[in-house]
Amino acid sequence: LGLAEGRHPDAPELAARARELAARRTDLRIGVEGTLLQARAACALGEAAGIAAALGELPASLPNREQDAMRLLMDACRAEVAGDDAGASTLLVQAGEAARDSHSGKLAILIRLHEVRLALAIGDLARARRVLAGIRADEARLREVPVRLEWLSLEIATSLRGGDRASAARRYREALALMKG
């Protein structure tokens, strides 16, 4: 919840508490989820050491394909933070495949949003536009406010990089209206 609300500095502590609760219950799935949440929080903060520490606590084999996808996404984030854009790109492809295998549309969209961020970071405007067009077609996922806001911010960034100020302004107004509720 801390991540969804944008409280990134609080998220590691909240994820650690969730993980402790799971450990007391000896619930492997929830314990793994708590560890993956710690990795997500570290990723949001750009903390390579935090991502590595959380991923290092995971068992070699995870209970399901969705968790595999999240681990791959966090590995991609770790690679990106370390400056290994090619490695991050490869891991994002693998994460996307794992998300599709698990039929997790929510996770798949998060991976695609990360692909756009990486494309913008490496200056691949064509790829960013192509991935955004695919996301734009997924109206069901874009109804979720946090996902839509992230998508809009990436649409704005892509428009500005491409010199399309009118489109950026239009997306900005859409984000503003969404935040006002």
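Each chain carries its own residue numbering, running from 1 in the direction its sequence is written. Whole-chain, interface and lining totals are the exception, using all residues; otherwise, since this is a predicted model, local features are given only for residues with pLDDT of at least 70 and side-chain atom pairs are given and counted only at 80 or more. Note that water and hydrogens are dropped before the side-chain values are worked out from all heavy atoms of the structure.

Before going further, it helps to spend a moment on the state of the cysteines. The term disulfide is used for any two cysteine sulfur atoms that are within 2.5 Å. Overall, the coordinates contain 1 disulfide when judged by the stated rule. A sulfur-sulfur separation of 2.0 Å characterises the disulfide bridge that pairs cysteine 43 with cysteine 77. Its torsion about the S-S bond being 105°, the disulfide of cysteine 43 and cysteine 77 is classed as right-handed. With cysteine 43 in helix H2 (residues 28–45) and cysteine 77 in helix H4 (residues 65–81), this pair connects stretches of sequence that are 34 residues apart. Note on accessibility: cysteine 43 and cysteine 77 belong to one class, buried. To qualify as a helix, a DSSP run of H or I must reach at least 4 residues; to qualify as a strand, a run of E must reach at least 2; elements of each kind are numbered from the N terminus. Partly exposed residues are those whose accessible area sits between 20% and 50% of the maximum for their type, while under 20% is buried and over 50% is exposed, using a 1.4 Å probe and protein chains only.

Attention shifts here to the environment of glycine 31. Position of glycine 31 relative to the elements: it lies in helix H2. Given the relative accessible area of 15%, glycine 31 is considered buried.

A word on a nonpolar patch on the surface. The patches reported here contain residues having more than 30% relative accessible area and no salt bridge. Joining distances are 9 Å for like charges and 5 Å for nonpolar side chains (Val, Leu, Ile, Met, Phe, Trp, Tyr). Only the protein chains shown count as cover for residues, and all accessible areas are computed by the Shrake-Rupley method using a 1.4 Å probe. Between Lys or Arg on one side and Asp or Glu on the other, a salt bridge is scored when a side-chain nitrogen of the former is within 4 Å of a carboxyl oxygen of the latter. Taken together, the side chains of Tyr172, Leu176 and Met179 make up a nonpolar region of the molecular surface, amounting to roughly 310 Å² of accessible area. By secondary structure assignment, the location of tyrosine 172 is in helix H10 (residues 165–180).

Moving on, we get to the environment of histidine 103. Inspection of the secondary structure assignment puts histidine 103 in the loop between helix H5 (85–102) and helix H6 (105–121). Taking the relative accessible area as the measure of exposure, histidine 103 reaches 72% and is therefore exposed. Put simply, histidine 103 and glutamate 66 are 37 residues apart on the chain and 8.1 Å apart in space, counted from C-alpha to C-alpha.

Right, let's get into the pattern of salt bridges. Considering all chains together, one arrives at 10 salt bridges under this definition. Across the pair arginine 117 and glutamate 150 runs a salt bridge whose closest N-O atoms are separated by 2.0 Å. Here the residue arginine 117 occupies a position in helix H6, and glutamate 150 occupies one in helix H9 (residues 145–161), the gap between them amounting to 33 residues. Between glutamate 144 and arginine 141 there is a salt bridge whose closest N-O contact spans 3.2 Å. For glutamate 144, a relative accessible area of 24% gives the class partly exposed. The partly exposed category is assigned to arginine 141, whose relative accessible area is 24%. In this structure, a network of salt bridges that share partners links the residues Arg65, Asp68 and Asp101.

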